[in-house]
Amino acid sequence: MARMVDACGEQCERSAVHSQLPGAGQRLEKMQGHWVLARAGKRVLRPGGLGLTRRMIDALSISSDDRVVEFAPGMGVTARMVLRRKPSRYWGVEREPAAAARLESLLPKGTAKIVGAQAEHSGLLGACASVVYGEAMLSMQTPQQKNRIISEARRLLVPGGRYGIHELCFRPDGISEAVRREIEVEMSKEIHVGVQPLCTAEWKQLLEQQGLKVIWCGEADLDLLEPRRMLQDEGILRCLKIVCNVAKDPVLRQRILAIRSIFRKYGEHLGAVSMVATRMESVAGLPS
Ligand SMILES: C[S@@+](CC[C@H](N)C(=O)[O-])C[C@H]1O[C@@H](n2cnc3c(N)ncnc32)[C@H](O)[C@@H]1O
């Protein structure tokens, strides 16, 4: 009897978590690529994996003295890593209601608060944070939205505060316009999100135009769906779960293989970049 109750409880919990996943109720064929990966069981959704995230967190040197804002926490993987450093406050700004609700229920109450909003209009008080970061979210924005989000990061930071990004990048820096357009069109078609990465030098320029001085930069390959990276990011048990989920569902399998094949096709020209920049005191032409 106890086993039956346990099994039922586990089943209910599993379906509750599943129905809380972003994109629940949406057809897999139409779903944005990152939520397809989440549906398969993947939790790490940024291009450079946990390795590049760890390097970014180290470069941000988050400690208990910091008040942290994360843009687009998604499945909450980096949020948990950062919360282990015991910052005095943590706000996650997530626009997808199902992701925001799931995070709200998973993250510890007290220090952590989830704000359901667009990063560019977080609604948080100016200069409320000493650290702001976001991963795998600027690359899917238009140039105007990228600027608005970076400007919001600057508004939230105290002077001297740190802003971290971890995004897709084109490589090398001088890549031709024709190749860029081809990659953007093909990726956007498979991922169902408008993907607009930049070269490393362009990411740096974008930050510096907004009064942020880049103090650290790291790069990685786009191996998000390669077996070795999957093992490093998700661990053996979650990888087995992902393999089972993908084996059981032909549409899920087709979507994931199509995304991986785009990553492989353009692997030479696509990578991951992370940067940490500090907010300069005052810059002519920018709000102080
Ligand atoms: C590819 S996922 C990355 C999630 C997480 N940062 C990670 O790296 O695992 C993209 C995330 O960005 C969120 N997002 C995209 N644009 C946003 C915006 N303007 N404001 C807030 N969240 C946004 C999506 O809802 C989703 O959670």
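Everything below is about the structure printed above this text.
Predicted, not measured: the structure shown is a model, and the values here were computed from it. (Residues numbered from 1 in each chain as written. Predicted model: local features only at pLDDT ≥ 70, side-chain atom pairs only at ≥ 80, totals over all residues. Heavy atoms only, no water.)

Enquirer: Looking at this structure, how should I read the overall build of the protein chain?
Expert: Each helix and strand in the protein chain was counted, giving ten helices and eight strands. With the C-alpha coordinates aligned to their principal axes, the bounding extent of the protein chain is approximately 70 × 50 × 30 Å. Taken over 288 residues, the protein chain has a buried fraction of 50%. Just so you have it, the protein chain exposes about 13500 Å², and 56% of that area is on carbon and sulfur atoms. (Helix = DSSP H or I, 4+ residues; strand = E, 2+ residues; numbered from the N terminus. Buried < 20%, exposed > 50% of the residue type's maximum accessible area, 1.4 Å probe, protein only. Areas by Shrake-Rupley, 256 points an atom, 1.4 Å probe, with all protein chains shown as cover.)

Enquirer: Which parts of the structure should I look at to understand the packing of helix α9 (residues 227-248) against helix α10 (residues 250-265)?
Expert: Contact pair α9 / α10: the axes reach a minimum separation of 5 Å and the direction vectors enclose 115°. Considering the angle they form, α9 stands roughly perpendicular to α10. Counting all contacts with α9, which are made through Asn245, Val246, Ala247 and Lys248, the residues of α10 involved are Pro250, Leu252, Arg253 and Ile256. Per-class residue counts for the contact of α9 with α10 are five nonpolar, one polar and two charged. (Axes fitted to C-alpha atoms, helices over the stretch in contact; angles between N-to-C directions. Parallel < 35°, antiparallel > 145°, perpendicular 65-115°, else oblique. Contact = heavy atoms within 4.5 Å. Nonpolar A, V, L, I, M, F, W, Y, C, P; charged D, E, K, R; others polar.)

Enquirer: Quick question: what am I supposed to make of α10 here?
Expert: Structurally, the α-helix is built with 3.6 residues per turn, so residues lying three or four positions apart point the same way. Here α10 is 16 residues long and its end C-alpha atoms lie 22 Å apart, about the 22 Å a rise of 1.5 Å per residue gives. Three or more residues of α10 are buried, namely Leu252, Arg255, Ile256, Ala258, Ile259, Ile262 and Phe263. The arc that holds every buried residue of α10, seen down its axis, measures 155°, which confines them to one face. Every exposed residue of α10 that faces more than 90 degrees away from the buried side is listed here: Pro250 and Lys265. Among the structural elements, α2 (33-40), α7 (177-191) and α9 are those in contact with the buried residues of α10. Its side-chain oxygen at 3.0 Å from the backbone nitrogen of Val251, Asp249 defines the N-terminal cap of α10. (Expected span 1.5 Å × (residues − 1). Arc of directions from axis to C-beta. Polar contact = N/O pair within 3.5 Å; in protein donor to acceptor, adjacent residues only side chain to side chain.)

Enquirer: Is there a simple way to explain the environment of Glu219 in this structure?
Expert: For Glu219, the location among the structural elements is in strand β7 (residues 212-221). The sequence separation of Glu219 and Ser274 amounts to 55 residues, and the corresponding C-alpha distance is 6.2 Å. Glu219 has contacts with Leu52, Arg55, Thr200, Ala272 and Val273, leaving out every residue within four places of it along the chain. Among the polar contacts listed, one links the side chain of Glu219 to the side chain of Thr200, at a separation of 3.0 Å.

Enquirer: What is the right way to read the nonpolar core from this model?
Expert: General note: in soluble globular proteins, nonpolar side chains tend to be found buried as a group. Trp35, Met187, Leu225, Leu252, Ile256, Phe263 and Leu270 are the most contacted members of the largest nonpolar core, which totals 34 residues. When residues of this core are traced back to their parent elements, those giving at least two are α2, β5 (157-170), α7, α9 and α10. In this structure Met187 touches Leu168, His192, Val195, Ile262, Phe263 and Leu270, once residues within four positions along its chain are discounted. Trp91, Ala119, Leu198 and Met275 belong to the second-largest nonpolar core, a separate cluster that totals 30 residues. (Core = buried A, V, L, I, M, F, W, Y, C linked by side-chain atoms within 4.5 Å.)

Enquirer: Sorry if this is basic, but what is going on with the layout of surface pockets here?
Expert: Any space left empty among the atoms is revealed by the rolling of a water-sized probe across them. One number sums up the size of the largest pocket: a volume of about 730 Å³. Those elements that place two or more of their residues in the lining of the largest pocket are α2, β2 (89-94), β5, α7 and α10. (1 Å grid on protein atoms, 1.4 Å probe; cavity = no way out; pocket = protein on both sides within 12 Å on 5 of 7 lines; lining within 4 Å. Points joined across faces, edges and corners; volume = space filled by probe spheres on them.)

Enquirer: Looking at this model, I keep getting lost on the pairing of strand β1 (residues 67-71). Mind explaining?
Expert: Successive residues of a regular strand alternate their side chains across the two faces of the sheet. Of all five residues making up β1, four are buried, and the element is well covered by its neighbours. Summarising the sheet, β1 and strand β4 (residues 129-135) pair through four bridges and their orientation is parallel. Looking across to β4, one finds that Val69 is bridged to Val132. (Pairing = 2+ DSSP bridges.)

Enquirer: What am I meant to see in the site of the ligand here?
Expert: Around the ligand lies a shell of 20 residues, among which Arg46, Ala72, Glu94, Ala119 and Glu135 are the nearest. A distance of 2.7 Å separates a nitrogen atom of the ligand from a polar backbone atom of Ala72. Taking Gln118, its side chain carries an N or O atom lying 3.2 Å from a nitrogen atom of the ligand. In isolation the ligand offers 590 Å² of accessible surface; the protein chains occlude 98% of this area. More than half of the atoms belonging to the ligand lie within 2 Å of the grid points that define the largest pocket. At the level of elements, α2 and β2 are the ones that each hand at least two residues to the shell around the ligand. When grouped by side-chain class, the residues that make up the shell around the ligand number ten nonpolar, four polar and six charged. (Near = heavy atom within 4 Å. Sits in = over half its atoms within 2 Å of the grid points.)

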